[in-house]
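# Working through the structure, step by step
Listed here are the chains, written in short residue letters.
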Amino acid sequence: MSNDLFGDLRDLYQDVILDHGRKPRNFRRLDDATLTARGDNPMCGDRMELFLKTAPDGAIQDAAFQGRGCAIAMASASLMTETVKGKTPAQAKEMGEKFRALAMTGTCPDCGAEIADDMERLAPLSGVHEFPSRVKCATLAWHTLNAALDGAKEASSE
Amino acid sequence: MDTHVAAVPLDLAAIRADFPILSERIRGKPFTFLDSGASAQKPRQVIGAMVRMMETAYANVHRGAYRMSEQATEAYEAARGAVARFLNAGDEREIVFTKSSTEAINLVAHSYGRGVMKPGQAVVISEMEHHANLVPWQMLRDAHGIELRVCRVTDAGELDLDDLAAKLRDGRVGLVAITHMSNVLGTVTPAERIASMAHEAGAKVLFDGSQAAVHRHVDVQALDADFYCFTGHKLYGPTGIGVLYAKAELLNAMPPFLGGGDMISEVTFERSVWAPIPAKFEAGTPPIVEAIGLHAAIDYVTAIGMNAIEVHERALVDRAMAKLPRIEGLTLLGRAQDRGGVFAFALDTAHAHDVATLLDRAGIAVRSGRHCAEPLHARFNVESTCRASFGLYTTPEEVDLLAEALTQAREFFR
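Residues numbered from 1 in each chain as written. Chains lettered and ligands numbered in written order. Predicted model: local features only at pLDDT ≥ 70, side-chain atom pairs only at ≥ 80, totals over all residues.

## Regarding the interface of chain B and chain A
Facing the 15 residues of chain B at the interface are 16 residues of chain A. For the side of chain B that touches chain A, the leading source of residues is helix H13 (residues 352-361) of chain B, giving five residues. Broken down by class, the residue content of the side of chain B that touches chain A amounts to four nonpolar, six polar and five charged. (Contact = placed C-beta atoms within 7 Å. Helix = DSSP H or I, 4+ residues; strand = E, 2+ residues; numbered from the N terminus. Nonpolar A, V, L, I, M, F, W, Y, C, P; charged D, E, K, R; others polar.)

Structure follows, in structure tokens:
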């Protein structure tokens, strides 16, 4: 993915991001969702609706989303829905915090062994830290997740 | 406008050498700046004039009885004179300095809207307004019982003059506030026609010239504009200074916008007497150094010649119109007959932000998003666009590079 005009693009647009951006996973409505929230970056035009189906104990049984946005926002939402399935709300929120650190700094020094596998799945998005104006694209899905878990209806990462 | 002067090509190399920032490199690549519509770069002449003023001639204005303050006041007022000549205003007192076009429009919405217009009257704007020429009128509507009417834009991105006539028909419109050039579609609106239609219907007219005044010679008397505003930083001048032109009779009839020092002629604890125009509308210490910078910017573009700038930019527009629409999968917003160097577009395979990030890798700076015109994007049913906008320093080769980079960007995201 090297190009004379654009240089090396792998730092931001890794194959997994392009793949998830073009074909987002869990891209559907959940008709039996127990929690939903909308995420909106009004300045950019990224917008999404997140659906969570939670068990009586609060655990996330299913996660899905719909929306429009850039490849980074779509890939991040897609990867997030894959990652949070089976997590408790507290685990999902902690993962969101770790992800925001990863997106802003490119590394996650506090990421312990117990979440290493999940963070590895999200790692392709770490390249956004070199593009400050794009960090909010990557974090929108996680802000929306927090809003859904907190019972808020709307989130924005701007 | 003097159209008889033969078009002398601009000495682009010399012009570009006046702008130090254009020799910067982005990741080792030449800096291709195609975001002048958001804010233009500054020539040495402007930078130098501001530095010189601060180093040798700075003091507050209209206050000191000492030589330095008198000099600063003369320089500040000379800037007003330069703006008056630039717009061909009949009287220097018709030029009010603000901090931006946005503030100029807010001034009119407040002082003319609330001070002169009556509840039940209407303001007409258009679908292609920048938020700066939309939100102040929504605020006026909600605070003062003014109806807000939005004139349609055709699919080609031109003002629908039949709809404007319909919106004016009942005679209740007090003000028509329309852009002179769209910051998204590039459309230059028929300002003279709009002004005469407004006046026939008994309405005043305001033009948001933030984009237009940079690209063409503006003559407020020929347009018969009641209000005209533009901003310094898009005209190769500094941020923090904008201009409101208004006919003297209107300024005289309007109450002040902001209260404070410099806008009064007499103050007691009981009451104040407003200063004559334009001081009545310039409360507080004004943007002094910025006014000197704007004066230098006006001298700079005037020396090159607004007609020469227009001819140069028209060639760039023709080149872009020959190249951009041919790019497969590219949708260009607006195909107005009369247009300037602003192009908003979307690619079918990629979101505007992804395109902008890729272009940035090639050293090309464009804006992405909705460009402070969210309702217009909704009108054209696009989520967001990239926008390339040209300045007097833009080269044909930069237009070619943009087209090439877009072609490759589309491939990359396929």
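Let's pick the thread back up.
## Considering the domain arrangement of chain B
Residue and element names in this part refer to chain B. Splitting chain B by domain gives domain 1 (12-43 + 305-413) and domain 2 (47-302). With 29 residues of domain 1 at the contact, the number on the domain 2 side is 28 residues. Of all the secondary-structure elements, those providing two or more residues to the side of domain 1 that touches domain 2 are helix H12 (306-323), strand S14 (342-347) and helix H14 (374-379). No other element matches H12, which puts five residues into the side of domain 1 that touches domain 2. Among the residues forming the side of domain 1 that touches domain 2, the class breakdown is 13 nonpolar, eight polar and eight charged. (Domains from an automatic or database assignment.)

## Side note on the nonpolar core
Core analysis: the biggest nonpolar cluster contains 130 residues, and Val176 and Tyr245 of chain B have the highest contact counts within it. Both of domain 1 (12-43 + 305-413) and domain 2 (47-302) of chain B provide at least three residues apiece to this core. Residue contacts for Tyr245 of chain B: discarding those within four places in its chain leaves Leu87, Ala89, Glu94, Ile95, Val220, Phe227 and Tyr228 of chain B. One finds Ala64, Ala73, Phe99 and Ala103 of chain A within the second-largest nonpolar core, a separate group that totals 43 residues. (Core = buried A, V, L, I, M, F, W, Y, C linked by C-beta atoms within 7 Å. Buried ≥ 20, exposed ≤ 12 C-beta atoms within 10 Å, placed from the backbone.)

## What about the sheet that holds strand S10 (residues 242-246) of chain B?
Residues and elements named next belong to chain B. Strand order in the open sheet made by the seven strands is S4-S10-S9-S8-S7-S5-S6, with mixed pairing throughout. Lying at the two open borders of the sheet, with one neighbouring strand each, are strand S4 (95-98) and strand S6 (147-151). This sheet shows a mean twist of 20° between the axes of neighbouring strands, independent of strand direction. Two strands pair when backbone bridges link them, and strand S5 (residues 122-126) and strand S7 (residues 173-179) are joined in this way by three bridges, in the parallel orientation. The partner of Ala122 across the bridge, within S7, is Val173. Here helix H6 (residues 161-168) sits on the sheet and contacts S5, S6 and S7; the angle it forms with S6, its principal contact strand, is near 160°. Strands in contact with helix H7 (residues 191-200) are S7 and strand S8 (204-208); relative to S8, the strand with the most contacts, it is inclined by about 155°. (Pairing = 2+ DSSP bridges. Axes fitted to C-alpha atoms, helices over the stretch in contact; angles between N-to-C directions.)

## Remarks on the sheet that holds strand S5 (residues 60-68) of chain A
Residue and element names in this part refer to chain A. Read from one edge of the open sheet, four strands run S5-S4-S3-S6, paired in mixed fashion. The sheet terminates laterally at S5 and strand S6 (154-155), the two strands that pair on one side only. Inspection of the sheet shows strand S4 (residues 46-54) paired to S5 by eight bridges, in the antiparallel sense. Residue pairing for S5: Arg47 is matched across the bridge by Arg68. Running over the sheet, helix H2 (residues 71-84) touches S4 and S5 and is turned about 170° from S5.

## Let's talk about the packing of H12 of chain B against helix H15 (residues 396-413) of chain B
Residues and elements named next belong to chain B. Remark: H12 packs on H15, axes separated minimally by 10 Å, with the N-to-C direction vectors making an angle of 20°. What the angle tells us is that H12 and H15 run roughly parallel. In this structure, H12 meets H15 at a crossing whose hand is right-handed. Two secondary-structure elements touch here, H12 through Leu316, Arg319, Ala320 and Lys323 and H15 through Pro396, Val399 and Ala403. For the contact of H12 with H15, the residue count by class is five nonpolar, no polar and two charged. (Parallel < 35°, antiparallel > 145°, perpendicular 65-115°, else oblique. Left-handed = near helix turned anticlockwise from the far one by under 90°.)

## A look at the environment of Thr394 of chain B
Residues and elements named next belong to chain B. Within the fold, Thr394 resides in the loop between strand S17 (385-389) and H15. Among the residues examined, Thr394 registers 24 C-beta atoms within 10 Å and is labelled buried. Sequence spacing of Thr394 and Leu316 is 78 residues, and the spatial spacing of their C-alpha atoms is 7.9 Å.

## Considering unusual backbone geometry
Residue and element names in this part refer to chain B. The omega angle of the peptide bond from Ile277 to Pro278 is 0°, so this bond is cis rather than trans. Residue placement: Pro278 occurs in the loop between strand S12 (272-274) and helix H11 (288-304). In this structure, His371 is a non-glycine residue whose phi angle is positive, near 55°. Here His371 lies in the loop between strand S16 (367-369) and H14. The exposure class assigned to His371 is buried, which follows from the 24 C-beta atoms found within 10 Å. Of note in this structure, Cys372 is not a glycine but carries a positive phi near 55°. In this structure, Cys372 sits in the loop between S16 and H14. Judged by local crowding, Cys372 falls into the partly exposed class, with 19 C-beta atoms found within 10 Å.

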